[in-house]
Structures are given as C-alpha cells and as structure tokens.
Amino acid sequence: MKTVFITGITGQDGAYLSQLLLNKGYYVTGLIRKSEIINTKRLDYLGITSKIRFEKCDLLYIQEIISLIKKYHPIEIYNLAAQSSVGKSFHEPIETLNFNIISTANLLESIRVTDTNIKFYQASSSEMFGSVNTLPLKEDSIFHPVSPYGISKATSHWITINYRESFGLFTTSGILFNHESALRENHFIIKKIIRTALDIKNGKTDILEVGNIDIRRDFGYAPKYVEAMYLMMQHDTPDDYIISSGISLSIREIIYYIFERLELEKSRIVINKKYFRPNEIENIYGDSSKAKIQLGWEYEMSFFDVLEILIQEEEKVKKIY
Ligand code: NAP
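This is a predicted model, so every value here is computed, not measured.

Participant: With reference to specific residues and values, describe the packing of aromatic side chains.
Facilitator: If you walk through the whole model with that rule in mind, you get 12 aromatic pairs. Arranged with centres 5.1 Å apart and planes meeting at 50°, the rings of Y163 and F167 form a pair that is tilted. Of this pair, Y163 and F167 both sit in helix α6 (residues 148-167), four residues apart, which is roughly one turn of the helix. Exposure remark for F167: the relative accessible area of 42% places this residue in the partly exposed category. When the ring of Y225 is compared with that of W297, the centres are 5.5 Å apart and the planes differ by 85°; the resulting orientation is edge-to-face. A residue pair is termed long-range when its members are at least 10 positions apart, and Y225 in helix α8 (residues 222-234) and W297 in the loop between α10 (289-295) and α11 (303-318) qualify at 72 residues. Look at W297 and you get buried, because its relative accessible area is 1%. Chaining the aromatic ring pairs together yields one cluster made of F129, F143, W158 and F177. Note that K119 overlies the ring of F170, its terminal NZ or CZ placed 4.7 Å from the centroid. When the ring centre of F188 is taken as origin, the NZ or CZ atom of R184, which lies over that ring, is 4.0 Å away.

Participant: So what about the site of the ligand? Which residues, and what values?
Facilitator: Around the ligand, the surrounding shell holds 23 residues, and the nearest of these are T10, R33, S84, Y149 and K153. For the ligand, an oxygen atom lies 3.3 Å from a polar atom in the backbone of G8. A distance of 2.5 Å is found between an oxygen atom of the ligand and a side-chain nitrogen or oxygen belonging to Y149. Contact with the protein chains covers 85% of the free accessible surface of the ligand, which is 890 Å².

Participant: If you had to explain the domain arrangement of the protein to someone new, which residues and values would you point to?
Facilitator: If you check the domain split of the protein, you get domain 1 (3-179 + 220-243) and domain 2 (185-218 + 247-284 + 302-318). When each unit is reduced to the centre of its C-alpha atoms, the spacing between domain 1 and domain 2 is 27 Å. Each partner contributes residues to the interface: domain 1 has 21 residues there, and domain 2 has 19 residues. A buried area of about 1600 Å², summed over both sides, lies between domain 1 and domain 2, and 60% of it is on carbon and sulfur atoms.

So, how was this worked out
Residues numbered from 1 in each chain as written. Predicted model: local features only at pLDDT ≥ 70, side-chain atom pairs only at ≥ 80, totals over all residues. Heavy atoms only, no water. Phe/Tyr/Trp six-rings, centres within 6.5 Å; stacked < 30°, edge-to-face > 60°. Helix = DSSP H or I, 4+ residues; strand = E, 2+ residues; numbered from the N terminus. Buried < 20%, exposed > 50% of the residue type's maximum accessible area, 1.4 Å probe, protein only. Lys NZ or Arg CZ within 6 Å of the ring centre and 35° of its normal. Near = heavy atom within 4 Å. Polar contact = N/O pair within 3.5 Å; in protein donor to acceptor, adjacent residues only side chain to side chain. Areas by Shrake-Rupley, 256 points an atom, 1.4 Å probe, with all protein chains shown as cover. Domains from an automatic or database assignment. Contact = heavy atoms within 4.5 Å. Buried area = accessible area lost by both parts, 1.4 Å probe.

Written out as structure tokens, the structure reads:
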C-alpha cells in the first residue's frame, strides 16, 4: 500500500498536494493538531475530506510520530506544517521557532530510528534568503533571513540537509517562493487584497488598508507548485530545488491591477503603518532552472493570469470560509 503522511494537510498546500497524491493512487494520512475541531474547509472545498485518514499527532512529541510510522509504514512524508506567517512570527517568535524547527527535527529523527527508506520532503521558503545582494536567487545563494519565520525555515532546511548528508536519508527541500490560490488564509496579502476589493465593489466595505506596498515578491500558483513537491520525491536523488516564477512584482502593481480590473477608485487604498514589519525583504525572485531541467517541472503562468483565476474563484470560496 502506498501510504504517505502529510503534516499541514489542512493548509493551502496540504489540500492541493492531497488532491494530487489521491489522484495518483496514494493512501493519504494527514497528521493534524490535537484540537477538538479539525479545520477541513479547504479539503471540503476540493471534495476530498472523506478520502483522507486523519491522525491527531503532536509533532513536538517524537514518540507520537514514531508510533504512527510503525502503525502505517508510510513511504513518503511531506512536512508542510508550520506557523507560516512572516508577520505573525514577529509577534510570536518563540512559538514560531519552537514549532517550526522542533517538528522538523522530530520527523527526521523518527525516520532515522524507524525506517530509513522513508522519503522526506521539507517545505523550505524563499524567506530563508532574506536580505539579498544578488538576484535571481539560486539553490546555493547565501541565507540572511530577516524574520523569525525565515530563521525557523533556514534552520529546518539545514537540519533536513544534515540528515541527508550524515545518515544518507532521502530528504529533499523545496525552496518555494510565494504561491497563492483561493485557498490562502484571509490575512495573506494577495487574498486580503482580492477579498477586500470585492467587498468594496459589493458595497460591504469602504477601504483597503495595507502596509508597505513597494516591496516586490515572486508570486506563483499553488496547485502548480505542489506538483514540484511530488516530482522532487520521485527523483532518483534527493536535493534542494528553487520553485519560483522568476519574476517579481510589487504589491502596488498587483493592487492597481485588481482595482482597475474591478473599476475601483485608488483613493480607497489606505497605507497604514500598523502593517509595516520591523524588517522586510525589498525585492526577491528566484531561478528555477534546476527544477525545470532535472525534474521536468513546467511553469509558464503570468501572475496576472493567476489573479484572474483567484478573482473568479473568490466568490465560490467565500461561501466556505
Ligand atoms: P498554511 O496554509 O498556513 O498551512 C499551515 C499548516 O500548518 C496548516 O495545516 C496548519 O494547521 C499547520 N500548523 C500550523 N501550526 C501548527 C501546529 N502548531 N501544530 C500542527 N499543525 C500546525 O501554509 P501553506 O501556504 O499551505 O504552506 C505550507 C508550507 O509551506 C508551510 O510550511 C509554509 O511555511 C511553507 N511555505 C509556504 C509558502 C507559500 O507561499 N504558501 C512559500 C514557502 C514555504 P491548522 O489548519 O490546524 O492551523
């Protein structure tokens, strides 16, 4: 039986990755938080909740992971669980560092002591690069993270590499740049802009409040980015791969595009210092040629086309959350 474990299955990437793996015939087990309510809204939206087996597991306790590995014998583990908000990480640095780093270490150590044939995927992030001098960013570019989130991801990334190099485990890291979908949490910037712009259009709110809109990011489409995760795990050898569109856009350009598309006045865009971060990456974009050549990962989408998809899908998603 081809069983895979996914941590963070209830998040954006977890939902799209589950859909992809179910379509490929895997048995998907989601390791989820030990809370009363399971957040299945994204899996419900994709219509796949009933096809997934859920196991409550505190990733900060290694014995719980080991027990589940012994019970199900997964062949692959995708580690997507994380406190994933850069902004929130400045307010909750200890929780972010503690959970993001220790959960990764526990998963890797669980593999080492149970079954070294299990393949491991780590959700690394472009935020690891932080303050950059040379663009585009490649797999061997220097890390200088500028947020607790970036530091937690850089540490987890190096732990992942260490288990590959020290113990010969199949551990692979996808260094993913920002990727969006209608299933993003509402506080993430692209989702917030689209939802608020539609609310303005429908007379439900008056203004869009944002922070520094002159920062530039490399944005892509989440359902296409999870394909790269799968390809990395099927490759002959484990490695690190940048997954990006290769182009950066400013938040200002994106807001203007959406406002023009929905025929909204720009006077409704309000800059609020409250949303500025203590430290911020100015501009960032990646070079995914390694993933394209070695994995055959294909990505040609313009982010403006992605925005069209997200605007169209927003009304549908809004009924769910
Ligand atoms: P997301 O939507 O925020 O999902 C995060 C997932 O982690 C959720 O399933 C959440 O569970 C789980 N989680 C958070 N804290 C947890 C805790 N203390 N215990 C157990 N589970 C916890 O994130 P995403 O966009 O899908 O991203 C997936 C991964 O890729 C994350 O590790 C993220 O940091 C990384 N990444 C994302 C991007 C991006 O642009 N999306 C780029 C680079 C890297 P609940 O639903 O229960 O809260």
